[in-house]
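# Reading the structure
So you can see what is in the structure, the chains are spelled out below.
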Amino acid sequence: MSDMILKTPSSFLRPWSMDDRLSLVRHADNPDIAASMRDGFPSPYTLADADRFLAMATGDHPHLFMAVVIDDQAVGGIGIHLLDDIYRRSAEIGYWLSRPYWGQGIISDAVSAVLPVAFRNPDIIRIQAGVFSNNPRSMRVLEKNGFVLEAIHKKAIVKQGKILDEHLYVFFRDDESPEG
């Protein structure tokens, strides 16, 4: 999948490259983005952070990490992370987008494009996303792409000193029922 390029109506998705480091810092270094991400997404976002992420994203692994590209700039990211152990038939989707591009359907298009790619792996029957309760835009992205709210984990997240609920959204492979 290292050479895969996906065209969406609003951007294209391609594998990350070490050449993305300056664009990554320029677009990821925003506290508004970090506020809706796990703590592993740093703020401020430095060149060292970009180098660390790009080394991982371009390395050998079974996960899918793609840059969201507009006007030849990596302005966001989307990924599918395969889970393991008892969750080995599940994957997690995650994404972020540079603040100036919010509200234009770009991430919704990206989610729509990566779902069929994720399900090329015959072992995956479920893709899930945990969304902070203070991020209704992300919930809407998932709902527009057919994800359903499976659970609300009350007071499950601590982010920037705030205790938040986690909304767990799920999308099942077409030929698998939730009852399994």
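Summary of the structure given here.

Of the regular secondary structure elements, the chain holds 5 helices and 8 strands. Each helix (α) and strand (β) of the chain, taken in turn from the N terminus, gives the series β-β-α-α-α-β-β-β-α-β-α-β-β. The principal-axis extents of the C-alpha atoms in the chain amount to approximately 45 × 40 × 30 Å. Considering only residue pairs separated by 6 or more positions, the chain has 61% of its internal contacts joining residues 24 or more positions apart. Carbon and sulfur atoms provide 52% of the accessible area of the chain, an area that totals close to 9900 Å².

Two elements in contact, helix H1 (residues 21-28) and helix H3 (residues 47-57), have axes whose closest approach is 9 Å; the angle formed by their N-to-C orientations is 120°. Here H1 runs over H3; the crossing is right-handed. Contacts between H1 and H3 involve Arg21, Leu22, Leu24 and Val25 from the first element and Leu47, Ala50, Asp51, Phe53 and Leu54 from the second. Here the residues of the contact of H1 with H3 sort into 7 nonpolar, no polar and 2 charged.

Turning our eyes to something else, we now look at the pattern of salt bridges. Here the structure, examined in full by the defined rule, presents 8 salt bridges. For the salt bridge of Asp49 with Arg52, the shortest nitrogen-to-oxygen distance reads 2.5 Å. In this pair, Asp49 and Arg52 are both assigned in helix H3, 3 residues apart and thus about one turn of the helix distant. Of the residues examined, Asp49 reaches a relative accessible area of 13% and is grouped as buried. The shortest N-O distance in the salt bridge between Lys154 and Asp165 comes to 3.5 Å. Here the residue Lys154 occupies a position in strand E7 (residues 148-159), and Asp165 occupies one in strand E8 (residues 162-172), the gap between them amounting to 11 residues.

Definitions and cut-offs
- Residues numbered from 1 in each chain as written.
- Predicted model: local features only at pLDDT ≥ 70, side-chain atom pairs only at ≥ 80, totals over all residues.
- Heavy atoms only, no water.
- Helix = DSSP H or I, 4+ residues; strand = E, 2+ residues; numbered from the N terminus.
- Contact = heavy atoms within 4.5 Å.
- Areas by Shrake-Rupley, 256 points an atom, 1.4 Å probe, with all protein chains shown as cover.
- Axes fitted to C-alpha atoms, helices over the stretch in contact; angles between N-to-C directions.
- Left-handed = near helix turned anticlockwise from the far one by under 90°.
- Nonpolar A, V, L, I, M, F, W, Y, C, P; charged D, E, K, R; others polar.
- Salt bridge = Lys/Arg side-chain N within 4 Å of Asp/Glu carboxyl O.
- Buried < 20%, exposed > 50% of the residue type's maximum accessible area, 1.4 Å probe, protein only.

Keep in mind that these numbers describe shape and distance, not what the molecule does.
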